[in-house]
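Fold and contact review
One-letter residues, chain by chain:
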Amino acid sequence: MSTDKPLLTVEHLTMRFGGLVANNDVSFEARAGEITALIGPNGAGKTTLFNCVTGFYTPTVGRLTLRHPTGKEFLLERMPGYRIAQLAGVARTFQNIRLFSGMSVLENLIVAQHNKLMRASTFAIGGLLGFPSYRKAEHEAVELAKYWLERVRLTEFADWEAGNLPYGAQRRLEIARAMCTEPVLLCLDEPAAGLNPRESAELAEILTFIRDVQTPQGHRTGVLLIEHDMSVVMRISDHVVVLDYGRKISDGDPEHVKNDPAVIRAYLGEDEDEALPPEVAADLHMPQNAQKGA
Ligand SMILES: Nc1ncnc2c1ncn2[C@@H]1O[C@H](COP(=O)(O)OP(=O)(O)OP(=O)(O)O)[C@@H](O)[C@H]1O
């Protein structure tokens, strides 16, 4: 575990939509070189929190500090999304796949590096005139794309139209595309949704690789993960933050969180007779036929 200052500090985050409080005074930290999972029942406020970190929403109250490895500190709540991506180095994927489906797999990864290439081309003119600096940047962009294609096991599909890839491969391509922006913080919204157990295991391997590898810039990437698949969360997370009705109800390592009565209550509910889904029960150490009040 890293002992440095946290990469991301969320302090007293509140996000209101009219009368609805989607995030209510949430504070936690996420570190570089660690996977921090955000879990909680449906509607707990996980995606809203992601949207605040990535600049899609401006929080009603609260401070979000990102400490870049260069030493710069960014107050994310004051920045628009595109500046958070470009300057602070925060990349994200979405619950629903959002690839450029008509482009090839490789092109998706080159387009992700558009900002870097534009700078190298001195905003197009250098590219048109074939400046050496642009050719070098272009070569590096292709090399980075090939590197991530290899890591997510899509090299053989480089020329395929992204929209024709199988679903699980599209999910991996989204992660590769986010990594081609060379982020310091990677935010993944339900990356295991719709994957079969083999694909989930592959995903877990990719995410632990991203967490553990030293980047060419000499830093380690922090991963912020929203995920309902508890087997993935409990297997790969270093740190788990649990939300329920917008509030943080637990925060700690997977072992602590899965034994926390507040978490078990949140997943079982107070007034319902519904059984906990078996895979959630197993990962929370609950009997599979657990019922409220049992
Ligand atoms: N733009 C919005 N306008 C109004 N209400 C919103 C908006 N976005 C989210 N909400 C509400 O905020 C609450 C939290 O939603 P959010 O999507 O953050 O939950 P979640 O934990 O990500 O849920 P899920 O696991 O189902 O994706 C919900 O009640 C939702 O309806």
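Residues numbered from 1 in each chain as written. Predicted model: local features only at pLDDT ≥ 70, side-chain atom pairs only at ≥ 80, totals over all residues.

As named in an unreviewed UniProt entry, the chain is Leucine/isoleucine/valine ABC transporter, ATPase component, taken from Azospirillum lipoferum.

1. Here we look at the overall build of the chain
What counts is decided by this rule: Segments assigned H or I by DSSP are reported as helices when at least four residues long, segments assigned E as strands when at least two residues long, and all are numbered from the N terminus. Whether a residue is buried, exposed or partly exposed follows from its count of other C-beta atoms within 10 Å of its own C-beta, namely 20 or more, 12 or fewer, or something in between, respectively; the C-beta atoms are built from the backbone. Residues are scored as being in contact if the C-beta atoms we place from backbone atoms lie within 7 Å.
If you tally the helices and strands in the chain, you get twelve helices and ten strands. Per-residue burial over the chain gives 41% buried out of 294 residues. Residue pairs at least 24 apart in sequence account for 65% of intrachain contacts in the chain once pairs closer than 6 positions are excluded.

2. Here's the deal with the sheet that holds strand β4 (residues 61–67)
Let me state the cut-off plainly: A pair of strands is considered paired only if DSSP assigns at least 2 bridges between the two. A fitted line through C-alpha atoms represents every axis, and for helices the fit uses only the stretch in contact; the resulting angles, taken between N-to-C directions, go from 0 to 180 degrees.
Across the sheet, which stays open at both edges, the four strands sit in the order β2-β1-β4-β5 with antiparallel pairing between neighbours. Each having just a single partner strand, β2 (20–30) and β5 (73–75) make up the two edges of the open sheet. Averaged over all adjacent pairs, the angle separating strand axes in this sheet is 20 degrees, with direction ignored. Summarising the sheet, β4 and β5 pair through three bridges and their orientation is antiparallel. Paired with Thr-65 across the strands is Leu-75, a residue of β5.

3. Some words on the site of the ligand
Applicable threshold: Any residue qualifies as near a molecule or strand once its backbone-derived C-beta atom lies within 6 Å of it. Under the convention adopted here, Pro, Cys and the residues Ala, Val, Leu, Ile, Met, Phe, Trp and Tyr are nonpolar, Asp, Glu, Lys and Arg are charged, and Gly plus all remaining residues are polar.
Close to the ligand lie Phe-17, Leu-20, Ala-22, Gly-40, Asn-42, Gly-43, Ala-44, Gly-45, Lys-46, Thr-47 and Thr-48. Taken together, the elements giving at least two residues each to the shell around the ligand come down to β2 and α1 (46–53). Looking at the shell around the ligand, its residues break down into four nonpolar, six polar and one charged.

4. As for the pairing of strand β3 (residues 35–39)
Burial within β3 is extensive, with five of its five residues counted as buried. Of the two faces of β3, the one holding Ile-35, Ala-37 and Ile-39 and the one holding Thr-36 and Leu-38 are both buried throughout. As judged from the four bridges shared by β3 and strand β8 (residues 222–226), these two strands associate in the parallel manner. Directly across from Thr-36, in β8, lies its bridge partner Leu-224. When β3 meets strand β9 (residues 239–244), the two strands line up parallel, connected through four bridges. The residue bridging Thr-36 from the neighbouring strand is His-239, located in β9.

5. Thoughts on the nonpolar core
Definition in use: In this description, a nonpolar core means buried residues of the types Ala, Val, Leu, Ile, Met, Phe, Trp, Tyr and Cys, linked to one another by C-beta atoms lying within 7 Å. What fixes the domain bounds is an automatic or database domain assignment.
Counting residues in hydrophobic clusters, the biggest one holds 74 residues, and the most contacted among them are Leu-38, Trp-148, Ala-176, Leu-185, Leu-186 and Cys-187. Each of domain 1 (1–89 + 183–294) and domain 2 (100–181) gives at least three residues to this core. If sequence neighbours within four positions are ignored, Leu-38 has contacts with Lys-46, Leu-49, Leu-224, Leu-225, Ile-226, Val-241 and Leu-243.

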